[in-house]
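# Observations on the three-dimensional arrangement
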Amino acid sequence: MLRDHAALAATAIMLAIWKWSEIAYLFYIAVFSYGLAIYGYLARKQKWKSWLQHHIRGMLGSYIGAVTALLVNIGDSIPLLNMLPSLFYWFLPTIIGSPLIYIVGRRYRKNASVSKKISY
């Protein structure tokens, strides 16, 4: 799975360098997103304290970065989303994804008293 992220990040970085004046932002999104993927992977692999929380944050944060890159590039061609101003493509994945990271992270918190309060 980390190899898939590496291939995706490498492709995005090469494209960004190739067409720097048009899509330089893709370079920064790729580096940031891949960094979060590595963070989540290492948390699981090395079993850090509260590793699952770190893993969830890293993987979902990486996903938010990937969706942001996708929306910024093709958001104008997606029905309903194309009615929004282009600036929304940058923030919509974070606005939707951040609460999900919190909810999922809270669901898998080690503290037993918190997990008893949450019923799904």
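Now for a quick tour of the structure. (Residues numbered from 1 in each chain as written. Predicted model: local features only at pLDDT ≥ 70, side-chain atom pairs only at ≥ 80, totals over all residues. Heavy atoms only, no water.)

The next subject is the overall build of the protein chain. Per the secondary structure count, the protein chain includes five helices and zero strands. Ordering the α and β elements of the protein chain from the N terminus gives α-α-α-α-α. Within the protein chain, the fraction of its 120 residues that count as buried is 30%. Long-range contacts, defined here as pairs at least 24 residues apart, represent 45% of the contacts in the protein chain between residues at least 6 apart. Working note: accessible area of the protein chain is about 8,300 Å², and carbon and sulfur atoms make up 68% of it. (Helix = DSSP H or I, 4+ residues; strand = E, 2+ residues; numbered from the N terminus. Buried < 20%, exposed > 50% of the residue type's maximum accessible area, 1.4 Å probe, protein only. Contact = heavy atoms within 4.5 Å. Areas by Shrake-Rupley, 256 points an atom, 1.4 Å probe, with all protein chains shown as cover.)

Within the largest apolar cluster, seven residues are counted, these being Ala 12, Ala 16, Ile 23, Leu 26, Ile 29, Ala 30 and Ala 69. The set of elements that each furnish at least two residues to this core consists of helix H1 (2–18) and helix H2 (20–45). At four residues, the largest contribution of residues to this core is made by H2. In this view, Ile 29 contacts Gly 65, Thr 68, Ala 69 and Trp 90; residues no more than four positions away in its chain are not counted. The next biggest cluster of nonpolar side chains, apart from the first, holds five residues, and it includes Leu 71, Val 72, Leu 81 and Leu 92. (Core = buried A, V, L, I, M, F, W, Y, C linked by side-chain atoms within 4.5 Å.)

We now examine the side chain of His 55. Relative to the assigned elements, His 55 resides in helix H3 (residues 51–74). Residue His 55 is classed as buried on the basis of its relative accessible area, which comes to 18%.

The subject of this paragraph is the packing of aromatic side chains. Applying the stated criterion across every chain, the model contains five aromatic pairs. Ring geometry for Trp 20 against Tyr 28: centres 6.1 Å apart, planes inclined by 65°, an arrangement best described as edge-to-face. In this structure Tyr 28 comes out as exposed when scored by relative accessible area, which is 51%. Between Tyr 25 and Trp 90, the aromatic rings sit 5.4 Å apart at their centres with planes inclined by 75°, giving edge-to-face as the arrangement. On the criterion of sequence distance, the pair formed by Tyr 25 in helix H2 and Trp 90 in helix H4 (residues 88–107) is long-range, its members being 65 residues apart. Among the residues examined, Tyr 25 registers a relative accessible area of 22% and is labelled partly exposed. Among the aromatic residues, those joined into a ring-pair cluster are Trp 20, Phe 27 and Tyr 28. Over the ring of Trp 51 we find Lys 47, and its NZ or CZ is 4.1 Å from the ring centre. (Phe/Tyr/Trp six-rings, centres within 6.5 Å; stacked < 30°, edge-to-face > 60°. Lys NZ or Arg CZ within 6 Å of the ring centre and 35° of its normal.)

Turning next to H2. Counted at 1.5 Å a residue, the expected span for H2 with its 26 residues is 38 Å, and the 35 Å between its end C-alpha atoms agrees. Of the residues making up H2, those classed as buried are Ile 23, Ala 24, Leu 26, Ile 29, Ala 30, Ser 33, Leu 36, Ala 37, Gly 40 and Ala 43. Lys 47, located one to two residues past H2, shows a positive phi value of around 50°. (Expected span 1.5 Å × (residues − 1).)

Our next topic: the environment of Met 59. Inspection of the secondary structure assignment puts Met 59 in helix H3. Considered as a pair, Met 59 and Ile 101 are 42 residues apart in the sequence and their alpha carbons are 9.4 Å apart.

Function cannot be inferred from these measures alone, as they are strictly geometric.
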